[in-house]
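Examination of the molecular architecture
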Amino acid sequence: MSETILDKIKAYKLEEIAARKAERDQAAIEDAARSADPVRPFADTLQAATHAGYGLIAEVKKASPSKGLIRADFDPEAIATAYAAGGATCLSVLTDGPSFQGHEDYLVAARAACDLPVLRKDFLYDPWQVAESRALGADCILIIMASVSDAQAAEIEDAATEWGMDALVEVHNREELERAEALSSRLLGMNNRDLNTFVTDLGTSHDLARRAPADRILVSESGLNTPEDLAAMAQYGARCFLIGESLMRQDDIEAATRKLLANPMVSGR
């Protein structure tokens, strides 16, 4: 089997983690995490938003492996401010450099620009990265089931809990969903984009939402562009969404965000 995009990302990420840990040991990163601003409630804020509308995790995203550069005039502070003004519930900020042209500074800047809780969008394999995420100010971390073992997922989730953070557990097929059910995190991300092929299919969320545990907050991710897309997902019980590229390509991000959220379906799961 040929090497997938996710395989390539994991290979360089593990090297990156080792290098960072050599520069900043566990004690040092934990000291920095303890000194960070208090955690903002991520899952609770999302869930509260669904009572009257949708919960939107708006993504601060400069580029992607499949699409290349998404936004040339990339200003994390301005983007975060626009998202907040447009009605976003939370933020997601890409910090991976090689594949997404992200950076940790983007998360720090975006979080400082508004009051929204922030997800660190990166590929996590080590509890050290969770402490690093908290040191940066992140309120939530991502666990990609396609890229970690069950033991790694549990270890990362435990670290997030210890730091008072939420974890968005991401799946994109039934097998990953079954594995995710062993975790305790309320946030279940259903990624419509296959991380091995980067092909997007909204039917992924439709299928997984029907099989997800009733106590999870369902977050549909990738390929969502219109109010109609959101309404269709809401019919399957997903009233929270992680959206980046379609909003990042707009000239007026605030107006685009407001328009996307303007007419939520009233009935929920």
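Residues numbered from 1 in each chain as written. Predicted model: local features only at pLDDT ≥ 70, side-chain atom pairs only at ≥ 80, totals over all residues. Heavy atoms only, no water.

Here we come to the overall build of the chain. Scanning the chain from terminus to terminus reveals 12 helices and 10 strands. Taken against the 2.2 N^0.38 rule, which gives 18 Å for 269 residues, the C-alpha radius of gyration of the chain at 17 Å falls within 12% of a compact globule. Within the span of the chain, comprising 269 residues, buried residues form 55% of the whole. Residue pairs in contact within the chain that sit at least 24 positions apart in sequence constitute 70% of those at least 6 positions apart. Of the roughly 11300 Å² of accessible surface on the chain, a fraction of 48% belongs to carbon and sulfur atoms. Measuring between centres, the 28 positive side-chain charges of the chain sit 4 Å from its 44 negative side-chain charges. (Helix = DSSP H or I, 4+ residues; strand = E, 2+ residues; numbered from the N terminus. Rg over C-alpha atoms; globule rule 2.2 N^0.38 Å. Buried < 20%, exposed > 50% of the residue type's maximum accessible area, 1.4 Å probe, protein only. Contact = heavy atoms within 4.5 Å. Areas by Shrake-Rupley, 256 points an atom, 1.4 Å probe, with all protein chains shown as cover. Lys, Arg positive; Asp, Glu negative; His and termini not counted. Charge placed at Lys NZ, Arg CZ, Asp CG, Glu CD.)

This paragraph deals with the side chain of S220. Note on placement: S220 falls in strand β9 (residues 217-221). We classify S220 as buried; its relative accessible area is 0%. Of note is the side chain of S220, whose polar atom sits 2.8 Å from the side chain of S205. Setting aside residues no more than four positions away along its own chain, S220 makes contact with M190, N192, S205, M233, A238, C240, F241 and L242. (Polar contact = N/O pair within 3.5 Å; in protein donor to acceptor, adjacent residues only side chain to side chain.)

Further remarks concern the layout of surface pockets. The computed volume of the largest pocket comes to approximately 430 Å³. As for the largest pocket, its lining consists of 28 residues, and the residues nearest its centre are E59, K61, K121, R193 and S222. Those elements that place two or more of their residues in the lining of the largest pocket are β6 (140-144), β10 (240-243) and α11 (245-248). Broken down by class, the residue content of the lining of the largest pocket amounts to 10 nonpolar, 8 polar and 10 charged. (1 Å grid on protein atoms, 1.4 Å probe; cavity = no way out; pocket = protein on both sides within 12 Å on 5 of 7 lines; lining within 4 Å. Points joined across faces, edges and corners; volume = space filled by probe spheres on them. Nonpolar A, V, L, I, M, F, W, Y, C, P; charged D, E, K, R; others polar.)

Right, let's get into the packing of aromatic side chains. What the rule picks out here adds up to 3 aromatic pairs. Measuring from ring centre to ring centre gives 5.2 Å for Y54 and F241, while their planes differ by 85°; the resulting arrangement is edge-to-face. Pair noted here: Y54 is in the loop between α3 (42-49) and β1 (55-60) and F241 is in strand β10, with a separation of 187 residues, a long-range link. Among the residues examined, Y54 registers a relative accessible area of 7% and is labelled buried. Under the relative-accessibility criterion, F241 is labelled buried at 0%. (Phe/Tyr/Trp six-rings, centres within 6.5 Å; stacked < 30°, edge-to-face > 60°.)

The subject of this paragraph is the packing of helix α4 (residues 76-86) against helix α12 (residues 253-260). Running from amino to carboxyl end, α4 crosses α12 at an angle of 30°, the nearest separation of the two axes being 8 Å. Judged by the sense of rotation from one axis to the other, the crossing of α4 with α12 is right-handed. Seen from α4, the contacting residues are I79, A82, Y83, A85 and G86; seen from α12, they are I253, E254, T257 and R258. (Axes fitted to C-alpha atoms, helices over the stretch in contact; angles between N-to-C directions. Left-handed = near helix turned anticlockwise from the far one by under 90°.)

With the exception of glycine, the majority of residues adopt a negative phi angle, and the majority of peptide bonds are in the trans configuration. Unusually for a residue other than glycine, Q101 sits at a positive phi of about 55°. With a phi close to 80°, S222 is a non-glycine residue in the positive phi region. Tracing the backbone shows S222 in the loop between β9 and α10 (227-234).

Moving on to the packing of α4 against helix α5 (residues 104-112). Viewed as axis vectors pointing N to C, α4 and α5 meet at an angle of 40°, and their least axial separation amounts to 8 Å. Classified by the interaxial angle, the pair formed by α4 and α5 is oblique. For the element pair α4 and α5, the recorded crossing hand is right-handed. Between α4 and α5, the contacting residues are P76, E77 and A80 on the first element and Y106, A109 and A110 on the second. Here the contact of α4 with α5 is composed, by residue class, of 5 nonpolar, no polar and 1 charged. (Parallel < 35°, antiparallel > 145°, perpendicular 65-115°, else oblique.)

As summarised here, the arrangement of the 8 strands in space is β1-β4-β5-β6-β7-β8-β9-β10, forming a closed barrel in which the pairing is parallel. The average angle at which neighbouring strand axes cross in this sheet is 25°, direction not considered. Along the sheet, α3 makes contact with β1, β4 (90-94), β5 (118-121), β6, β7 (166-171), β8 (187-191), β9 and β10, crossing β1 at roughly 125°. Packed on one face of the sheet, helix α7 (residues 150-162) meets β6 and β7 and runs near 175° to β6. (Pairing = 2+ DSSP bridges.)

Counting 85 residues, the largest nonpolar core has Y83, L91, I143 and L187 as the members making the most contacts within it. If you tally residues by element for this core, the top one is β6, at 5 residues. Ignoring any residue separated from it by four or fewer positions in sequence, one finds Y83 in contact with A58, E59, V60, A88, L91, I243, G244, L247, M248, I253 and T257. (Core = buried A, V, L, I, M, F, W, Y, C linked by side-chain atoms within 4.5 Å.)

Within this structure, the stated rule accounts for 26 salt bridges. Between R111 and D37 there is a salt bridge, and its shortest N-O distance comes to 4.0 Å. In this pair, R111 sits in helix α5 while D37 sits in the loop between α2 (26-34) and α3, placing the two residues 74 residues apart along the sequence. The network of salt bridges with common partners includes K13, E16, R20, D96, E104, R120, D122 and E132. (Salt bridge = Lys/Arg side-chain N within 4 Å of Asp/Glu carboxyl O.)

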